[in-house]
Amino acid sequence: MQDNTYRHPRAGGPGRLFAALANCAHFAKLRQAVMSRLPFLTLHSDVRDVVYVSWLVDAAAAQTLLPPGVALWQRDGKTPFTVLTYRHGHFGPALPGPLRRLMPSPLQSNWRLYLDHTPAGAPDVPCVYFLKNIMDSLPHALGTRLFSDILPTHLAAGMTLEVGATQARCSIASGAGSAPALDVQADITAEHGLDAEWQQLFDNWRDAVAFLACQDAAIASVPRNGKLVFGEIDLPVDLDQVQALTAVRADCGLLAQLPPLSAPLAFLVPKVPFKALSERLL
């Protein structure tokens, strides 16, 4: 199973303190005991510039990164692995209403695999498994670690996202920390096609994009108690607005463990409203 122990990207005393907080199981148990008795605080964000890059990888290798009992979606021994990197739009609780515009807009990157079905105790909806979550903001990285189980967040030493009229770029630098590295450069193109490997799994480009981008929930493992956490989301991607990308460079820190069996399939979602609706242990 994938290790998500937090390491700070910069060495020294403050980094060791932040790591101790991020990995503190005692605080997490206390938080879970208290917050499980309270209504979930819905989170909103006006997400923009979402760069998706996906590879078909060996399903057996991917299965080793999942906890026992979690069923991976696969066809003919292949399964998609996706990295999506985006900029939040005033990420925070929905409760303040218009005042949410005062909230910051960090960069975030989610790395995930796709499930054949949800685990026992969860509704049967399209669902992904979070392998990694990376952010460029220390308050957000620590906040998600301390007050949530669904996002195994790591802080990047450096993180960029640039989307222009003809090209999209995103990168993650690890430093001395636990955030995996990423370096993607892609051209925006009018062609909506699939390579031969992807055509074996999906009828057309639109079907592939819908499968890769449209989910209602995510799960992650909770190492302190060996359980799974289930989170419901609202992410209404408008497929008519999605733009195709051709990857010029696509280097990813997990591809050593998940050797790709296809060329990367990439696309851009210009904007999408995001809501985190619930979180509970299974």
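Everything that follows concerns the structure shown earlier in this document.
First, a word on what this report is: a plain description of the structure on this page. Just so it is clear, the model here is predicted, and its values are computed rather than measured.

1. What about the overall build of the protein chain?
When its secondary structure is counted, the protein chain shows 6 helices and 13 strands. Here the protein chain has a C-alpha radius of gyration of 18 Å; the compact-globule value for 282 residues is 19 Å, and the two agree. Structurally, the protein chain occupies a C-alpha span of about 50 × 40 × 40 Å along its principal axes. Across the 282 residues in the protein chain, those meeting the buried criterion constitute 49%. For the protein chain, the centre of its 23 positive side-chain charges and the centre of its 24 negative side-chain charges are spaced 12 Å apart.

2. A few points about the packing of helix 1 (residues 13-22) against helix 4 (residues 138-147)
At their nearest, the axes of helix 1 and helix 4 sit 9 Å apart, and the two run at 30 degrees to each other. When the axes of helix 1 and helix 4 are compared, the pair comes out roughly parallel. Here Phe18, Leu21 and Ala22 of helix 1 lie close against helix 4, whose contacting residues are Leu138, Leu142, Arg145 and Leu146. By residue class, the composition of the contact of helix 1 with helix 4 is 6 nonpolar, no polar and 1 charged.

3. Looking at a nonpolar patch on the surface
A contiguous nonpolar patch, built from Phe27, Leu30, Val34, Met35, Leu38 and Phe147 and spanning about 570 Å² of accessible area, is present on the exposed surface. In terms of residues, the nonpolar patch owes the most to one element, helix 2 (residues 25-35), which gives 4 residues. Relative to the elements of secondary structure, Phe27 occurs in helix 2.

4. Focus on unusual backbone geometry
Phi at Asp76 is positive, roughly 55 degrees, even though this residue is not glycine. As for its position among the elements, Asp76 is in the loop between helix 3 (59-63) and strand 2 (78-87). Of note in this structure, His90 is not a glycine but carries a positive phi near 60 degrees. Tracing the backbone shows His90 in the loop between strand 2 and strand 3 (92-93). You can call His90 partly exposed: its relative accessible area is 29%.

5. Structural notes on the environment of Pro68
Locating Pro68 in the fold gives a position in the loop between helix 3 and strand 2. A residue is classified by how much of its surface remains accessible, and Pro68, at 82% relative accessible area, is exposed. C-alpha of Pro68 to C-alpha of Val242: the two residues are 174 residues apart in sequence and 35 Å apart in space.

6. Brief notes about the side chain of Ser221
On the secondary structure map, Ser221 appears in strand 10 (residues 217-222). Among the residues examined, Ser221 registers a relative accessible area of 15% and is labelled buried. There is a polar contact of 3.2 Å between the side chain of Ser221 and the side chain of Tyr129.

7. Things to note about the nonpolar core
Counting 45 residues, the largest nonpolar core has Trp55, Phe81, Trp111 and Cys252 as the members making the most contacts within it. The residues touching Phe81, leaving out its near neighbours within four places in the chain, are Val53, Ser54, Trp55, Val57, Trp111, Arg112, Leu113, Leu131, Cys252, Leu254, Leu255 and Leu258. Counting residues in hydrophobic clusters, the runner-up holds 37 residues, among them Phe130, Leu151, Ala208 and Phe274.

8. Describing the pairing of strand 7 (residues 158-163)
As paired elements, strand 7 and strand 8 (residues 167-173) share 6 bridges and run antiparallel to each other. Its bridge partner being in strand 8, Gly158 is matched across the sheet by Ala173. Counting the residues in the hairpin turn of strand 7 and strand 8 gives 3 residues.

9. Quick word on the pattern of salt bridges
Within the structure shown, the criterion is met by 4 salt bridges. Notably, a salt bridge pairs Asp149 with Arg224, separated by 2.8 Å at the nearest N-O pair. Of the two residues, Asp149 sits in the loop between helix 4 and strand 6 (153-155) while Arg224 sits in the loop between strand 10 and strand 11 (227-234), which places them 75 residues apart along the sequence. You can call Arg224 partly exposed: its relative accessible area is 23%. Here the residues in one salt-bridge network are Arg31, Asp149 and Arg224, joined through shared partners.

Cut-offs used in this document
Residues numbered from 1 in each chain as written. Predicted model: local features only at pLDDT ≥ 70, side-chain atom pairs only at ≥ 80, totals over all residues. Heavy atoms only, no water. Helix = DSSP H or I, 4+ residues; strand = E, 2+ residues; numbered from the N terminus. Rg over C-alpha atoms; globule rule 2.2 N^0.38 Å. Buried < 20%, exposed > 50% of the residue type's maximum accessible area, 1.4 Å probe, protein only. Lys, Arg positive; Asp, Glu negative; His and termini not counted. Charge placed at Lys NZ, Arg CZ, Asp CG, Glu CD. Axes fitted to C-alpha atoms, helices over the stretch in contact; angles between N-to-C directions. Parallel < 35°, antiparallel > 145°, perpendicular 65-115°, else oblique. Contact = heavy atoms within 4.5 Å. Nonpolar A, V, L, I, M, F, W, Y, C, P; charged D, E, K, R; others polar. Patch = residues over 30% accessible without salt bridge, like charges linked within 9 Å, V, L, I, M, F, W, Y side chains within 5 Å. Areas by Shrake-Rupley, 256 points an atom, 1.4 Å probe, with all protein chains shown as cover. Salt bridge = Lys/Arg side-chain N within 4 Å of Asp/Glu carboxyl O. Polar contact = N/O pair within 3.5 Å; in protein donor to acceptor, adjacent residues only side chain to side chain. Core = buried A, V, L, I, M, F, W, Y, C linked by side-chain atoms within 4.5 Å. Pairing = 2+ DSSP bridges.

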